[in-house]
Amino acid sequence: MKHKTEDSIFRKKGFFVALYSSLGAVAVLALVITFSSLNGDNDPYGADVAPVGADDVLPYLEQARARADEEAWFRPRPTPTPPPMPSPVPSPVPSPQPTLPPPRNQPASDDSLPVPDIEPTGSPPPPEAYEPEPEPVPIAVVPATFTPFAENDKMVWPVLGEILMDFDAYAVVYDPTLDRFAINEDIRIAAQEGTPVRAGADGRVLAVGNNVHYGNYVTVDHGNGWVARYGQLMDAVMVNEGEIVRTGQVIGGVGQPSYFGTMLGTHFNFRVTRDGGVVNPNGVLAER
């Protein structure tokens, strides 16, 4: 019994001794390997590893770059964002151009004229058969004329009435409106407002006007240098400049007196000249 117990104890001691011996051997081997690798000696892989130069790196980089390019074809590429579209600018609308009519006396275009579908029949007539149409004879416009007043002729009285101021171009007469004595180159005949005033003879109207002395007046050229002025008329004068008047034709009516004739009341002024010089109207008017 005692022999078995000692046997087992020795067995256990032998086991631990072997275990510790193995661990020590492993530790020593590890130290040797580590020391050898630090010193570069006894490297089992040192003989097979050669230094890498630039000539060996460049082909490797080129192969790596080529593989990267090949792999790039299979990678998903980002979809480029399209640039924003510019806003459309509205084009100006051309204003319609007016269509002008063709000028006068100019024939229309041949394209606008209808072409009749008529085929000519027979041969055209000879040129002698076409006779030109006679041109229209213009109608001669004869200007209106009048019989000129002669020296021995007499004029009709434009207005019948009392003579308020008689003609006197050489001696002074009293003018009640101006309250002074002055010469008088016409005759002033009393008449009611609206009394017709007639042309003393044939003639042509030279002027229709107004001034402070004669008021509304009509000047008539009676021919041969004889000119008469009919004054103190109403506003509604019945003749126009350039018009031909006949003896006894009504040319207007007696109106309100002008500024230089207010004290005489409504009246008519009659003045006659020959070649620019004043003439006594009593010498050319017919007897009453």
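Residues numbered from 1 in each chain as written. Predicted model: local features only at pLDDT ≥ 70, side-chain atom pairs only at ≥ 80, totals over all residues. Heavy atoms only, no water.

Q: Before we go on, may I ask you to explain the pairing of strand E11 (residues 267-274) in this structure?
A: Side-chain direction in a regular strand flips from residue to residue, so the side chains alternate between the two faces of the sheet. In terms of burial, E11 is largely enclosed, as six of its eight residues are buried. Where strand E4 (residues 187-190) lies against E11, four bridges are found, and the strand directions are antiparallel. Counterpart to Ala-190 in the pairing with E11 is His-267. Relative to E11, strand E8 (residues 226-233) is paired through six bridges, and the arrangement is antiparallel. Residue Tyr-230 lies in a different strand from E11, and its bridge partner there is Phe-270. Bridge analysis of E11 against strand E12 (residues 277-279) gives three bridges, and the strand direction is antiparallel. Across the sheet, Val-272 pairs through a bridge with Val-279, a residue of E12. The hairpin turn running from E11 into E12, its antiparallel successor, is two residues long, and Asp-275 in that turn takes a positive phi close to 55 degrees. (Buried < 20%, exposed > 50% of the residue type's maximum accessible area, 1.4 Å probe, protein only. Helix = DSSP H or I, 4+ residues; strand = E, 2+ residues; numbered from the N terminus. Pairing = 2+ DSSP bridges.)

Q: Sorry if this is basic, but what is going on with the packing of aromatic side chains here?
A: Think of a pair of aromatic rings as described by two things: how far the centres are apart, and how the planes are tilted against each other in angle. Under the defined criterion, the tally for this structure stands at five aromatic pairs. Geometrically, the ring pair formed by Phe-149 and Trp-226 is edge-to-face, given 5.3 Å between the ring centres and 75 degrees between the ring planes. Residue Phe-149 is located in the loop between helix H2 (54-74) and strand E1 (163-165), and its partner Trp-226 is located in strand E8; the two are separated by 77 residues in the primary sequence. For the pair Phe-149 and Trp-226, one class covers both residues: buried. With a centroid separation of 5.3 Å and an interplanar angle of 55 degrees, the aromatic rings of Tyr-230 and Phe-270 are classed as tilted. Taken together, the positions of Tyr-230 in strand E8 and Phe-270 in strand E11 put the pair 40 residues apart, joining distant regions of the chain. On the accessibility criterion, Tyr-230 (0% relative accessible area) is buried. (Phe/Tyr/Trp six-rings, centres within 6.5 Å; stacked < 30°, edge-to-face > 60°.)

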